[in-house]
Amino acid sequence: MLKERLPIAVPVLATKEYRTVSQIKGPLIFVERIAGVAYNEMAEIIGPDGDTRLGQVLEVDQDRCMVRLFVGTSGLDLKRTRVRFTGDVARLDVSLSMLGRVFNGTGEPIDGGPPIIPEASLDINGAPINPSVRTHPSECIQTGVSAIDGLNTLVRGQKLPIFSAAGLPANELAAQITSQARVFGQGAAAGAEPFAVVFAAIGITQREASFFIDQFRASEAMDRTVLFINRADDPSIERLLTPRAALTAAEYLAFHHQRHVLVILTDITNYCEALREVSAASEEVPGRRGYPGYMYSDLASLYERAGRIHDNRGSVTQLIILSMPDDDITHPIPDLTGYITEGQIVLSRDLHRKGVYPPVDVLPSLSRLMNAGIGAGKTRADHRAVADQLYALYAEGRDLRRLVAIIGEAALSADDQRVLAFADNFESRFVGQGRIDRDVEATLELAWELFREVPPRLLKRIPAELLAQNLGRDG
C-alpha cells in the first residue's frame, strides 16, 4: 500500500463517489459522468487494494473532469478504481508553533517533532489582496548583503527575484540571507518588530536539503524560520503545492500574528518544470519552449501574494530564486518573472570565476521600490546619493576595462586609472564580502572608504555638502 503523505484536511462525510474512470495518463486520471464537481476540489482515489490517495481537480468540462494525483497513479486500473470528491479545497493546518519546524512540501512535519496543533485550516491557494486595502511598501528589510542593502534595497511587501544559473552559489546566498535577514530600524523600535522567515526549497537534492537544515539549525535564526522542503525524488506534482503551502504559512504569520515575514522560494525553475510536465500530460497546447500558455498567470498567483495591508503591522516580502536555463535571461521563466516582480538581482558567472562571493552583478540588478525604503528617517540621508555614485563609478570602470583590452592600461589618464582601481576594489571589498553579516550602516561607511581613494572631482553624483561632511574637503 502507498502511504499518503499529504496532511490536507478532508471532510469526514465525503460524497459523490464514482467508478467511471476513463483514462489514466501519468499523474492524471479522467472521470466521466460527474455532477457538481468544482475546480480545485480535493478528491480521494481508492485503488484496487483499498489504498487511498489524494488528488485535486484541475479541469471540469460538463460531465467530465481531470484529477491530478499527488503520489502517482501506479497500481490503478480503469475498472476497480473509485474516485470520491470531498467538496472542499486543499488546506494547510497553521499555527504559530510552526516556527522552528521543518516540513515536507505539503506541510507535514519531517523533523521528528510533534504534529502541529492547528489554530486554523487555510486554503493553500490563498486569496488576492484587495487593491483598495493594500499599503505601498515603505520600509526596508536588511539582508546583511551589501550589494542588496546598499544598491538594490529590499522593501517590506516587495517581490524581488534573484536570477542565478547552474553552478552559481544561489543556495548559499539564500541560506545566508535567511540567517542574517531582519527588520531594519533605528533604536529600540527595530528590535520590537516581530520578524520571521518562511523558506521553501523546491525540487532540491538530498545533499542540498541537508545543507539547508544544518545551516539553519547552526544559526540563531532557526527559531524564527519555517522550512518547507520538497526533494527531487518527491512526486513532481508536490512541487506545485510547496510554494503555496509556504505562502499560506507566511500570510498567517503576517496578517494574523502581525509579523514581518520574508518568504524565500528556491528554485522556482523546478516549479515551472513541474508545471510543464503536468501540462504535457494533460495534452494542452504548449506555449514558448513547451511551457503552458498560462504560466504567466500561474506565477502571478504566487508572486502577487506579497504585500502589506492597511491597519495591519504584518507584511509578506518575497525573494524568489530561479536558475536561468543556459544562462539565458530571455528564457520564459526569468522573462515572465521580470514582468510580474519589482526588479531583479542578477548573479554573475564572471564574478564567480574571480572568487567574488556573493557574485552579484550590480549593473543589471535593480530594485524598483528601493526609493520607498531608504533615505532620511529610514536608512540614512546619504543612501541614494552613495548608491548613485557607486553605480556611476563602477559602470565607468567596467567600460575602461574593455578599453584597456584594446589600447592597454598605460594609455589611460591618471583619473581613469583611479577609476579602474576603484572598480577592482568595489568588486573585491564591497560586493565580495564573503559570509560576513554587514548592516546598512557598515555598508554605507565602506562605500565612503572607497570614495576616499578617488579624487573628489570625480564624485559628481554626491552633493558638495555630503562630500564636505564625510570627506572633510570640497568636491
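Higher on the page you've got the structure.
We now turn to the structure provided with this report. On a predicted model such as this, the values are computed, not experimentally measured, just so you know.

Thresholds, definitions, all that
- Residues numbered from 1 in each chain as written.
- Predicted model: local features only at pLDDT ≥ 70, side-chain atom pairs only at ≥ 80, totals over all residues.
- Heavy atoms only, no water.
- Helix = DSSP H or I, 4+ residues; strand = E, 2+ residues; numbered from the N terminus.
- Rg over C-alpha atoms; globule rule 2.2 N^0.38 Å.
- Buried < 20%, exposed > 50% of the residue type's maximum accessible area, 1.4 Å probe, protein only.
- Contact = heavy atoms within 4.5 Å.
- Areas by Shrake-Rupley, 256 points an atom, 1.4 Å probe, with all protein chains shown as cover.
- Lys, Arg positive; Asp, Glu negative; His and termini not counted.
- Charge placed at Lys NZ, Arg CZ, Asp CG, Glu CD.
- Expected span 1.5 Å × (residues − 1).
- Pairing = 2+ DSSP bridges.
- Core = buried A, V, L, I, M, F, W, Y, C linked by side-chain atoms within 4.5 Å.
- Phe/Tyr/Trp six-rings, centres within 6.5 Å; stacked < 30°, edge-to-face > 60°.
- Lys NZ or Arg CZ within 6 Å of the ring centre and 35° of its normal.
- Polar contact = N/O pair within 3.5 Å; in protein donor to acceptor, adjacent residues only side chain to side chain.
- Axes fitted to C-alpha atoms, helices over the stretch in contact; angles between N-to-C directions.
- Parallel < 35°, antiparallel > 145°, perpendicular 65-115°, else oblique.
- Left-handed = near helix turned anticlockwise from the far one by under 90°.
- Nonpolar A, V, L, I, M, F, W, Y, C, P; charged D, E, K, R; others polar.
- Salt bridge = Lys/Arg side-chain N within 4 Å of Asp/Glu carboxyl O.

## With respect to the overall build of the chain
The helix and strand tally for the chain stands at 14 helices and 21 strands. Taking 2.2 N^0.38 as the reference for a compact globule, 475 residues should give roughly 23 Å; the C-alpha atoms of the chain span a radius of gyration of 25 Å, in line with that estimate. Residues counted as buried form 55% of the 475 residues belonging to the chain. Summarising the internal contacts of the chain: among those between residues at least 6 apart in sequence, 73% fall at separations of at least 24. For the chain, the accessible area works out to roughly 19400 Å², and carbon and sulfur atoms hold 51% of it. Each charge class in the chain can be summarised by its mean position, and for the 51 positive and 61 negative side chains these summaries are 1 Å apart.

## Some remarks on helix α5 (residues 238–255)
Compared with an ideal rise of 1.5 Å per residue, which puts 18 residues at 26 Å, α5 spans 26 Å between its outermost C-alpha atoms and is within 8% of the ideal. Burial analysis of α5 places 18 of its 18 residues in the buried class, which makes it a mostly covered element.

## Thoughts on the sheet that holds strand β14 (residues 182–183)
Pairing in this open sheet of three strands is antiparallel, and the strands run β12-β11-β14 from one edge to the other. Each edge of the sheet is formed by a strand with only one pairing partner; in this case those strands are β12 (154–155) and β14. Note: strand β11 (residues 140–142) against β14, two bridges, orientation antiparallel. When the sheet's bridge partners are listed, Gln142 is paired in β14 with Arg182.

## Brief notes about the environment of Asn425
Summarising the element assignment, Asn425 is placed in helix α12 (residues 414–431). On the basis of relative accessibility, which here comes to 23%, the residue Asn425 falls in the partly exposed class. Taking the C-alpha atoms as reference points, Asn425 and Tyr394, 31 residues apart in sequence, are found 9.8 Å from one another. Leave out the neighbours within four places in its chain, and Asn425 touches Phe430, Leu450 and Glu453.

## A look at the nonpolar core
It is characteristic of soluble globular proteins that their nonpolar side chains tend to be buried jointly. By size, the foremost hydrophobic cluster in this structure holds 75 residues, and its most contacted members are Ile177, Leu262, Val362, Leu390, Phe426, Phe430 and Phe451. The element that contributes the greatest number of residues to this core is helix α11 (residues 383–407), accounting for eight residues. In this structure, Met98, Ile202, Phe228 and Ile237 belong to the second largest nonpolar core, which totals 59 residues.

## Considerations on the packing of aromatic side chains
Per the counting criterion, the structure on display carries eleven aromatic pairs. Judged by centre distance (6.1 Å) and plane angle (25 degrees), the ring pair of Phe212 and Phe216 falls under stacked. With Phe212 and Phe216 both in helix α4 (residues 206–218) and four residues apart, this pair spans about one turn of that helix. Looking at Phe212, the relative accessible area reads 0%, which means it is buried. What links up through ring pairs into an aromatic cluster is the set Tyr394, Phe422, Phe426, Phe430, Trp448 and Phe451. Cation over ring: Arg276 sits above Tyr291, and NZ or CZ is 4.3 Å from the ring centre. One Lys or Arg, Arg435, reaches over the ring of Tyr357 and ends 3.8 Å from the middle of that ring.

## A look at helix α8 (residues 332–340)
Counting buried positions along α8 yields seven of nine residues, so the element is predominantly enclosed. Contacts from the buried residues of α8 go to β13 (159–164), α6 (268–281), α7 (295–303) and β19 (315–323).

## Overview of the side chain of Gln180
Considering the arrangement of structural elements, one finds Gln180 in helix α2 (residues 170–180). What makes Gln180 buried here is its relative accessible area of 7%. Only 3.0 Å separates the side chain of Gln180 from the backbone oxygen of Thr143, close enough to count as a polar contact. Looking at Gln180, its side chain comes within polar contact range of the main-chain oxygen of Gly144, at 3.4 Å. Discounting chain neighbours no more than four positions away, the residues touching Gln180 are Gln142, Thr143, Gly144, Val145, Arg224, Arg435, Ile436 and Asp437.

## With respect to the sheet that holds strand β7 (residues 82–89)
In space, the seven strands of this open sheet follow the order β1-β7-β4-β5-β6-β3-β2, with antiparallel pairing throughout. Both edges of this open sheet fall to β1 (17–18) and β2 (21–25), since each of them pairs with a single strand only. Pairing geometry for strand β4 (residues 41–46) and strand β5 (residues 52–61), over five bridges, is antiparallel. Within β5, the residue paired with Ala43 across the bridge is Gly55.

## Here we look at the packing of α11 against α12
At their nearest, the axes of α11 and α12 sit 8 Å apart, and the two run at 115 degrees to each other. In this view, α11 runs roughly perpendicular relative to α12, as classed from their interaxial angle. Of the two elements, α11 crosses α12, and the hand of that crossing is left-handed. Of the residues in α12, those touching α11 at Leu390, Leu393, Tyr394, Glu396, Gly397, Arg398, Leu400, Arg401 and Val404 are Asp416, Val419, Leu420, Phe422, Ala423, Asp424, Phe426, Glu427 and Phe430. Across the contact of α11 with α12, the residue classes tally to eleven nonpolar, one polar and six charged.

## What about the pattern of salt bridges?
If the charged atoms of two oppositely charged side chains come close together, the side chains can form a pair. One pass over the structure, following the stated rule, counts 34 salt bridges. Where Arg101 meets Asp111, a salt bridge forms, and the shortest distance between an N and an O atom there is 2.7 Å. With Arg101 in the loop between β8 (91–94) and β9 (102–104) and Asp111 in the loop between β9 and β10 (120–123), this residue pair connects regions lying ten residues apart in the sequence. The exposure class of Arg101 is buried, given its relative accessible area of 10%. The class of Asp111 is partly exposed, set by a relative accessible area of 24%. For the salt bridge of Arg353 with Asp350, the shortest nitrogen-to-oxygen distance reads 3.0 Å. Taken as a pair, Arg353 and Asp350 lie in helix α9 (residues 349–353) at a separation of three residues, close to a single helical turn. Overlapping salt bridges, with partners in common, bring together Glu17, Glu44, Arg82 and Arg84 in one network.

## Quick look at the environment of Asp111
The spacing of Asp111 and Gly100 is eleven residues in sequence and 9.9 Å in space, taken between C-alpha atoms. When sequence neighbours within four positions are dropped, the list of residues in contact with Asp111 reads Gly100, Arg101, Val102 and Arg217. A distance of 2.7 Å separates the side chain of Asp111 from the side chain of Arg101, its partner in a polar contact. Side-chain polar atoms of Asp111 contact the backbone nitrogen of Gly113, separated by 3.0 Å.

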